[in-house]
Amino acid sequence: MPTPAHGPDRVDPGEPTRVYGPMRSAVIAAVIAMITGVIVLEFLVLTTFAGKRLWSDPRMFHDLWFTAPIAIWLLLAALGVLVLVRVVTSWLRIDEDGFSLNGLVRRTTTLRWSDVDCIVAVRDITRRPTGTTDIRDRQALVEGLYVLDASGRSRVSLSGRLFGAAAQHALLERARLAGVGVEVYDQLTPRDLRRRVRRGLALTELHPGLVIAVVVLGYIAHNVLAFLAWGL
């Protein structure tokens, strides 16, 4: 059953706008992820390309098969930079009229409280219910926070790992003051959450094991392709 919303930061109705940027831990995690994905897991491809000085090979950028390994790496590098920029430049603005989620490489989402039907906050999204969660720590992150419109569709999913627990609880408190319904669940499984929130979960949340397997197989395939194309 949902429980009433509460948080560590009590918001005065006349308080000015609050703005939250990404947490340092989120920025560090994004940098590590980019370095790992673009350099560490591609070490064999990069060392072969540099060691053999393949940029001077006449087949490079003329032969599709021969160029494919480095072209894929360039795409991965560009994707890594875009993800890092998306994280670093994100900011959340909350005031008495509504809120907006902004940043480069992302679509700006602005909602007035009058356009929000309900906010669903889930403290723990788990594969198997493990009983009642200790929710006495009001500073704890809410694992999933979903802003729903009148159709029940999730318009915004706000991760506490990006902006922190204070931003989440400030959003919930401001919504409560604006008369928006707030539901806080201790635990929900992905299946139960899908029943409550339309389009609430990303693929990485629904099938994390499958996503990891696809990523690992993709990196293995890329290194094998480099081996076949360049004759390591």
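Everything here concerns the structure above.
Nothing here was measured: the structure is a model prediction, and the numbers come from that model.

**Considerations on the overall build of the chain**
Now for step 1: A count of helices and strands for the chain gives 8 helices and 8 strands.
Now for step 2: Intrachain contacts of the chain at a sequence separation of at least 6 include 69% that bridge at least 24 residues.
Now for step 3: Accessible area for the chain stands at about 13,100 Å²; split by element, carbon and sulfur atoms hold 62% of it.

**Topic: the environment of Val 215**
Now for step 1: Within the secondary structure layout, Val 215 lies in helix 8 (residues 208-230).
Now for step 2: Through-space distance from the C-alpha of Val 215 to that of Gly 37 is 9.8 Å; in sequence the pair is 178 residues apart.

**Quick notes on the side chain of Asn 223**
Now for step 1: Position of Asn 223 among the secondary structure elements: in helix 8.
Now for step 2: Judged by relative accessible area, which is 15%, Asn 223 ranks as buried.
Now for step 3: Dropping the residues within four chain positions of it, Asn 223 is found in contact with Leu 41, Leu 44 and Val 45.

**Thoughts on the sheet that holds strand 7 (residues 154-157)**
Now for step 1: Reading across from one edge, 7-6-5-8 is the order of the 4 strands in this open sheet, with mixed pairing throughout. Two strands in the sheet have a free side with no partner beyond their single neighbour: strand 7 and strand 8 (181-188). Between one strand axis and the next, the sheet turns by 20° as a mean value, whatever way the strands run.
Now for step 2: Where strand 6 (residues 144-148) and strand 7 come together, 3 bridges link them in antiparallel fashion. By the bridge assignment, Val 147 is partnered in strand 7 with Val 156.

**Some points on the pattern of salt bridges**
Opposite charge on two side chains lets them pair, provided their charged atoms get close.
Now for step 1: Evaluation of the coordinates by the stated rule reveals 7 salt bridges.
Now for step 2: Across the pair Asp 57 and Arg 59 runs a salt bridge whose closest N-O atoms are separated by 3.1 Å.
Now for step 3: Under the relative-accessibility criterion, Asp 57 is labelled buried at 17%.
Now for step 4: The class of Arg 59 is partly exposed, set by a relative accessible area of 43%.
Now for step 5: Residue Arg 93 pairs with Asp 95 through a salt bridge whose shortest N-O separation is 3.0 Å.
Now for step 6: Owing to a relative accessible area of 35%, Arg 93 belongs among the partly exposed residues under this scheme.

**Quick word on helix 1 (residues 24-40)**
Along an α-helix, residues three or four apart share an orientation, since each turn contains 3.6 residues.
Now for step 1: The end-to-end C-alpha separation of helix 1 is 22 Å, in line with the 24 Å expected for 17 residues at 1.5 Å each.
Now for step 2: Of the residues making up helix 1, those classed as buried are Ala 26, Ala 30, Gly 37 and Val 38. When helix 1 is viewed along its axis, its buried side chains cluster within an angular range of 85° and face the same direction.
Now for step 3: If you follow the buried residues of helix 1, they end up packed against helix 2 (43-51), helix 3 (64-88), helix 4 (160-163) and helix 8.

**Quick word on the environment of Thr 126**
Now for step 1: Among the structural elements, Thr 126 can be located in the loop between strand 5 (118-125) and strand 6.
Now for step 2: On the basis of relative accessible area, Thr 126 is assigned to the buried category, the value being 13%.
Now for step 3: Between the C-alpha atoms of Thr 126 and Arg 191, which are 65 residues apart in sequence, the distance is 9.8 Å.
Now for step 4: With sequence-adjacent residues up to four places away left out, Thr 126 is seen in contact with Gln 187, Leu 188, Thr 189 and Pro 190.

**A short note on the packing of aromatic side chains**
Now for step 1: By the definition in use, this model includes 4 aromatic pairs.
Now for step 2: The rings of Phe 49, Trp 55, Phe 66 and Trp 230 are connected pair by pair, giving a single aromatic cluster.

What counts, and at which threshold
Residues numbered from 1 in each chain as written. Predicted model: local features only at pLDDT ≥ 70, side-chain atom pairs only at ≥ 80, totals over all residues. Heavy atoms only, no water. Helix = DSSP H or I, 4+ residues; strand = E, 2+ residues; numbered from the N terminus. Contact = heavy atoms within 4.5 Å. Areas by Shrake-Rupley, 256 points an atom, 1.4 Å probe, with all protein chains shown as cover. Buried < 20%, exposed > 50% of the residue type's maximum accessible area, 1.4 Å probe, protein only. Pairing = 2+ DSSP bridges. Axes fitted to C-alpha atoms, helices over the stretch in contact; angles between N-to-C directions. Salt bridge = Lys/Arg side-chain N within 4 Å of Asp/Glu carboxyl O. Expected span 1.5 Å × (residues − 1). Arc of directions from axis to C-beta. Phe/Tyr/Trp six-rings, centres within 6.5 Å; stacked < 30°, edge-to-face > 60°.

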